[in-house]
Amino acid sequence: MVGGDPTRFFRAGVIGCGMIGAQAEADLVRPKPATHVGAWRGHPRVILDSVCDLSLDRAQSVGNVFTYEALPEMLETRGSELDILSVATPSETHPGIVQEILRRCQPRVIVCEKPIALSSAEGGDMVARCREHDVVLLVNHLRRFDPVLRGEVAHMGRIIGAPRTAVGRYSGGLREGGVHMVDLMRMFLGEGRVVAAASGDVLLDFGGVRAVLLGHDIAEHVVFDLTVEGDLGALHIERFGLDVRWDRAKDGYPLASGYRALAPHGAWRDLAPRSFFRAMADHVVAVLDGKEDPVSTGEDGVATLALIETIEATG
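The paragraphs below set out a description of the structure included in this document. All values reported here derive from a predicted model rather than from experimental measurement.

Some points on the pairing of strand 4 (residues 84-87)
Logical step 1: Side chains I84 and S86 project from strand 4 onto one buried face, and the interleaved L85 and V87 project onto a second face that is buried too.
Logical step 2: Where strand 1 (residues 10-15) lies against strand 4, four bridges are found, and the strand directions are parallel. Pairing of G13 across the sheet is with L85, part of strand 4.
Logical step 3: As paired strands, strand 4 and strand 5 (residues 109-112) are joined by four bridges and run parallel to one another. Looking at the pairing, V87 lines up with C112 of strand 5.

Structural data, given as structure tokens:
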């Protein structure tokens, strides 16, 4: 764990003020905070200090922070003040930006958007460089930070028993919705391998748990849900990870004697959808306070991307 004074404030900077960096905050229907800027600005223990974007107008639209167009200038001017840096830029820029950060300053935590890089090799180099500089590298697979889903992982065996099969469905492309679903499968099932892939649909094995990954066309409708079935029941993660349902196997099957059937065992839903970005910010502060070990690490980002690469090469 990273030690620290639990009463101190932390300063954050955001690199990239596009949709996920800042602009999605204006979407009225998204749970807030909905961006890196919103996450740091809204946290009671964090001061949003500075932002950088290739468009100075876009950076200045954030308001009430130091704004920069050139990353080296931001890091040279404000870097010594920053505990946290968010990298909210396209994947191909991540290795170079992280290298530039480590060259010019030493934040305590870097939160990098997903995928961690274009290739797992590049991601592995980022992990190694951050480790050398004693910087915590997190990848923004948002559901890993969520306390509700983390609780489901911890108690899954008590609800469904030993996992047997899993089905994950997503839309938005393999490196968009797909990378989130693959990482969610890893979160619940551990390390996996690709058995077969065709046209974006994949058969995986997670230590004996057979899993299917199904891609959908986002132009038709959005989808993101995971079902894990075990010998005692089933766990359903729905509505992009916001809702949870449980089934349990019970004696009595209506169409034949001598069988057991799954029956509803309970459900959990937020009346006001919670923000995964808020959970991310809470977790980063808890890491800095020394209260939690990092989750959604750079190593997780590399392992998830390696599976994506194998899917692309296979199917």
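Some remarks on the packing of helix 4 (residues 94-104) against helix 5 (residues 120-132)
Logical step 1: Direction vectors running N to C along helix 4 and helix 5 enclose 10°, while the axes themselves pass 10 Å from each other. Viewed along their axes, helix 4 and helix 5 adopt a mutual orientation that is roughly parallel. For the pair helix 4 and helix 5, the crossing hand works out as left-handed. On the side of helix 4, the interface is formed by H94, P95, V98, Q99 and L102, while helix 5 contributes E122, M126, R129 and C130.
Logical step 2: In the contact of helix 4 with helix 5, the residues fall into five nonpolar, two polar and two charged.

Regarding the environment of H180
Logical step 1: Looking at where H180 falls in the secondary structure, it is placed in helix 7 (residues 174-189).
Logical step 2: The spacing of H180 and L149 is 31 residues in sequence and 14 Å in space, taken between C-alpha atoms.
Logical step 3: Each residue touching H180, except ones within four places of it in the same chain, is listed here: K114, N140, H141, L142, R143 and F224.

Some points on the sheet that holds strand 1
Logical step 1: With parallel pairing, the six strands of this open sheet are ordered in space as 3-2-1-4-5-6. The open sheet has two edge strands with one neighbour each: strand 3 (66-68) and strand 6 (136-139). Pairwise comparison of adjacent strand axes, ignoring direction, gives a mean angle of 20° for this sheet.
Logical step 2: Relative to strand 6, strand 5 runs parallel, the two being bridged by four bridges. In the strand pairing of strand 6, V109 is matched with V136.
Logical step 3: Seen against the sheet, helix 3 (residues 71-78) touches strand 1, strand 2 (46-52), strand 3 and strand 4 and runs at an angle of roughly 145° to strand 2.

Reading guide: rules and limits
Residues numbered from 1 in each chain as written. Predicted model: local features only at pLDDT ≥ 70, side-chain atom pairs only at ≥ 80, totals over all residues. Heavy atoms only, no water. Buried < 20%, exposed > 50% of the residue type's maximum accessible area, 1.4 Å probe, protein only. Helix = DSSP H or I, 4+ residues; strand = E, 2+ residues; numbered from the N terminus. Pairing = 2+ DSSP bridges. Axes fitted to C-alpha atoms, helices over the stretch in contact; angles between N-to-C directions. Parallel < 35°, antiparallel > 145°, perpendicular 65-115°, else oblique. Left-handed = near helix turned anticlockwise from the far one by under 90°. Contact = heavy atoms within 4.5 Å. Nonpolar A, V, L, I, M, F, W, Y, C, P; charged D, E, K, R; others polar.

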